[in-house]
Amino acid sequence: MTDHSEWQLPSDEQTLRTLVENTPDTIARYDHNGLRTYLNPAFARMAGAPAVKLLGKSPSHGRETPEMLAYEAKLFGVLHSGQPDEYELTWFGADGALIASHIRIVPEKDACGAVVSVLAVGRDISILKAAEQRLEQAEALARFGHWQQDFRRGGLQLSAELCRMVDKPRHWAPTQQELLDMLILKDRARVLESVYHAFSKRSAFLALEYCIAVGDRELHLQTCLTIEYGSDGVPLGMFGTAQDISKLKSYQQRLHMLAFYDALTGLPNRERFKECLQEALLKAERNGRQVAVAILDLDNFKVVNDTLGHGAGDELLCEAARRLRRSVCGHDSVARLGGDEFALILSSQLNTPFELENIGRGILKSITGVYQIQGREIFVSGSLGIAYGSTGADNIDELVQFADSAMYSAKSHGRNNVQLYSPSMTQKTTERLALATSLRHAQSNGELVLHYQPQINLISGRVIGAEALLRWQHPQHGLIAPDTFIPIAEETGLIVGIGEWVLENACRRAVDWNRDNRSPPLRIAVNLSPRQFQMNDLLTSICAILRDTGCEPGWLELEITEGLLLDNNVAVRETLEQLNALGLTIAIDDFGTGYSALSYLSRLPIETLKIDRSFINDIEHNRDSAELVKAIISMAHSLRLTLVAEGVEEASQQAFLQRYGCQSAQGWLYGKPMPQVAFENLLRTQVDSQ
């Protein structure tokens, strides 16, 4: 190959003519009157007319469309200014097809420098424009735009859909400052800090969520950035996508309110109360202070409900909630646990039981007295139980339980009084240690068994799967409830080995039950513990179990809780993505009771949501629960997720779920968790009935 230090342009006229007449680009010359004096063959072919009919004509001759007239104006502009220009022209070709041309217009000058004509060189960009249009349509459907910034040229370009999303003209080209000014104030510093941090680390990718002001509304956007750097590490440009997640955020806020706040009184509900209590205990531990929990029950509330009706009862609860709010101070908080039961977190200065009892009497005094309810005067008092955070409770549930026990003690002491909990933990601790010791040998002794609860397709009524549920058949204590031994297994780390045993046995059953090419295949759901992600190579373990048992990945569903996603752990996300890539289904168990940042639904490979049984239980009698379930179903449909309702016990609950589009369910209405043999009999019965 010859090394040319400089490429020379062809100098002879014949070579130039060959290039001009064989290029696919159109070339035309226009004189000072805007009339064609030359055109190449490509121009004639595209126009569908011989050159003789096109020469001596202006572009708008026979085609006086706004586009052609604007193009002519561009030609005259170059003729007058002597400066090159560009134009995108849309016109109809010989076959009637719409053609998009990008035309470069350059002046031709005589020896004195006067413009005598212009050359218009056009390139057919119809395919590019069609692709851009399809991209715009796809972005509009997905509410998904994109933008790019060139730091060298200082330009910002936004896609048509992104311009529409931010309520700007189609070709809006803002400055960087104009774009930053759209960010709401509380997000601005955070976004800039994240971008500059990425620059400092030379990170090629960055994901952000932020909010911008568009008129009088706020738009929630999710952006993924790709950053290009020069060899010296200086950023050269950025390309970013922007997806409108406002609807998802709206769902999140609505679900959060329904799931964590009481619709009647506006107070935090039980779940939110537990979160607040956990935060208060952690803060108290750091500061070396005490926290106490108080449970208040209104005396004779049932009488008010039964005699004056539920409307009067609701009015009474709202007024009691207002009085309780006024009674707490500082960092203390109040919640409604349900019915006429309220809970308070007391984190003010608590030095002695006497002081705590005085605080309790003050709370009781605030709600005790005459209430004006529906034009009647009603005297209300309450019974209050209090438990210290240091009373020996293993967790917040026990602490609440201790306070609840103290409240019942107050009722048994004649109501309208305060009782402090005084636990005796020796027997409880001894029993717990003994269970932990026995549990270490339960697997090797063959004491662990799996029961299976059927999952039903709500359209066909057929069994489509089962949840594998662990049971412990203790030689002395009989069948021990999972709620008793699973927390011990979690704390001791035994859950990892037990979890592998559960997975292996569930896979073997899935192979047995799908042996006859069942259609659709029966899927077995298995709960995964967070400890299995933390203490074990879960992916390797599951791959080995699938290989050894011969279980198809599609026959296994892995259930995780929302709490596992709380810290947005990268390792957890990668493991879930790898498991999903194998063909396993990932489901969120007890959905609606935990982690409230729902952006993980669009970020992680989640396919199934299991609606928590607590919402299903109250679906007919509690408007909040019904609205929450409807919201979850609607959101799942929007995100194309499958739903399983847990705890279905009544035909009316099933009818509600069917009416609003829930696909499947499990619960006592279809069968309690049952031993393997009983579940196999259920499957045979279904086959025989076909």
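Thresholds applied
Residues numbered from 1 in each chain as written. Predicted model: local features only at pLDDT ≥ 70, side-chain atom pairs only at ≥ 80, totals over all residues. Heavy atoms only, no water. Core = buried A, V, L, I, M, F, W, Y, C linked by side-chain atoms within 4.5 Å. Buried < 20%, exposed > 50% of the residue type's maximum accessible area, 1.4 Å probe, protein only. Helix = DSSP H or I, 4+ residues; strand = E, 2+ residues; numbered from the N terminus. Contact = heavy atoms within 4.5 Å. Axes fitted to C-alpha atoms, helices over the stretch in contact; angles between N-to-C directions. Parallel < 35°, antiparallel > 145°, perpendicular 65-115°, else oblique. Left-handed = near helix turned anticlockwise from the far one by under 90°. Domains from an automatic or database assignment. Pairing = 2+ DSSP bridges. Polar contact = N/O pair within 3.5 Å; in protein donor to acceptor, adjacent residues only side chain to side chain. Phe/Tyr/Trp six-rings, centres within 6.5 Å; stacked < 30°, edge-to-face > 60°. Lys NZ or Arg CZ within 6 Å of the ring centre and 35° of its normal. Nonpolar A, V, L, I, M, F, W, Y, C, P; charged D, E, K, R; others polar.

**Describing the nonpolar core**
Line of reasoning, step 1. Residues Ile 524, Leu 609 and Leu 657 are the most contacted members of the largest nonpolar core, which totals 87 residues.
Line of reasoning, step 2. With eleven residues, the single largest contributor to this core is helix α17 (residues 495-513).
Line of reasoning, step 3. For Ile 524, the contacting residues outside a window of four places in its chain are Tyr 452, Ala 466, Ala 468, Ala 506, Ala 510, Trp 513, Trp 555, Leu 556 and Glu 557.
Line of reasoning, step 4. Counting 29 residues, the second largest nonpolar core, distinct from the first, contains Phe 301, Ala 312, Leu 324 and Val 418.

**Describing the packing of helix α19 (residues 538-549) against helix α20 (residues 570-582)**
Line of reasoning, step 1. Here α19 crosses α20 at 20°, and the two axes come no closer than 10 Å. If you check the angle between α19 and α20, you find them roughly parallel. In this structure, the crossing between α19 and α20 has a hand that is right-handed. Here Leu 538, Leu 539, Ile 542 and Cys 543 of α19 come into contact with α20, specifically with Thr 575, Gln 578, Leu 579 and Leu 582.

**Focus on the domain arrangement of the protein chain**
Frequently, the measure chosen for interface size is the accessible area that the parts lose on association.
Line of reasoning, step 1. According to the domain assignment, the protein chain consists of domain 1 (15-127), domain 2 (143-250), domain 3 (265-421) and domain 4 (436-689).
Line of reasoning, step 2. Placing a centre on the C-alpha atoms of domain 1 and another on those of domain 4 gives a separation of 69 Å.

**Thoughts on the sheet that holds strand β16 (residues 382-388)**
Line of reasoning, step 1. Spatially, the five strands line up as an open sheet ordered β12-β13-β11-β16-β17, and their pairing is mixed. A single partner strand is all that each edge strand has here, and the edge strands are β12 (333-338) and β17 (418-420). On average, adjacent strands in this sheet sit at an angle of 20° to one another, irrespective of strand direction.
Line of reasoning, step 2. Together, β11 (292-298), β12 and β13 (341-346) form the strand contacts of helix α12 (residues 310-327), whose direction differs from that of β13 by roughly 10°.

**Examining the side chain of Glu 627**
Line of reasoning, step 1. Mapped onto the elements of the fold, Glu 627 is located in helix α23 (residues 623-638).
Line of reasoning, step 2. Within the structure, the side chain of Glu 627 is placed 3.4 Å from the side chain of Arg 254, a separation counted as a polar contact.
Line of reasoning, step 3. In this view, Glu 627 contacts Arg 254 and Leu 258; residues no more than four positions away in its chain are not counted.

**Observations regarding the packing of aromatic side chains**
Here the distance between the centres and the angle between the planes together describe a pair of aromatic rings.
Line of reasoning, step 1. Applying the stated rule across the entire model yields nine aromatic pairs.
Line of reasoning, step 2. For the pair Tyr 452 and Phe 679, a centre-to-centre distance of 6.0 Å together with 35° between the ring planes defines the contact as tilted. In this pair, Tyr 452 sits in strand β18 (residues 448-457) while Phe 679 sits in helix α25 (residues 676-688), placing the two residues 227 residues apart along the sequence.
Line of reasoning, step 3. Using a relative accessible area of 2% as the deciding quantity, one classes Tyr 452 as buried.
Line of reasoning, step 4. Phe 679 sits in the buried class, given a relative accessible area of 0%.
Line of reasoning, step 5. A ring pair is formed by Trp 513 and Phe 679, whose centres lie 4.9 Å apart and whose planes are at 50°; its orientation type is tilted. Within this pair, whereas Trp 513 is found in helix α17, its partner Phe 679 is found in helix α25, the two being separated by 166 residues in sequence. Accessibility classification places Trp 513 together with Phe 679 in one group, the buried group.
Line of reasoning, step 6. An aromatic cluster is present here, built from Phe 151, Tyr 196 and Phe 199 joined pairwise through their rings.
Line of reasoning, step 7. If you follow Lys 168 out to its NZ or CZ, it ends over the ring of Trp 172, 5.1 Å from the centre.
Line of reasoning, step 8. Against the face of Tyr 371 rests Arg 323, its NZ or CZ located 3.7 Å from the ring centre.

**Side note on unusual backbone geometry**
Line of reasoning, step 1. Phi at Arg 202 is positive, roughly 55°, even though this residue is not glycine.
Line of reasoning, step 2. You will see that Gln 374, though not glycine, has its phi angle at about 50°, which is positive.
Line of reasoning, step 3. With respect to the helices, strands and loops of the structure, Gln 374 is situated in the loop between β14 (369-373) and β15 (376-380).

**A short note on the packing of α17 against α19**
Line of reasoning, step 1. For the pair α17 and α19, interaxial distance at closest approach is 10 Å and the crossing angle is 35°. Between α17 and α19 lies a crossing of right-handed hand. Here Glu 500, Leu 503, Glu 504, Cys 507, Arg 508 and Val 511 of α17 come into contact with α19, specifically with Ser 541, Ile 542, Ile 545, Leu 546, Asp 548 and Thr 549.
Line of reasoning, step 2. Classifying every residue of the contact of α17 with α19 gives six nonpolar, two polar and four charged.

**Description of the sheet that holds strand β1 (residues 26-31)**
Line of reasoning, step 1. In space, the five strands of this open sheet follow the order β2-β1-β5-β4-β3, with antiparallel pairing throughout. One side of each edge strand has no neighbouring strand; the edge strands of this open sheet are β2 (36-39) and β3 (85-92). Looking at each pair of strands side by side, their axes are set apart by 25° on average, direction ignored.
Line of reasoning, step 2. Note: β1 against β2, three bridges, orientation antiparallel. Of the residues in β2, the one forming a bridge with Ala 28 is Leu 39.

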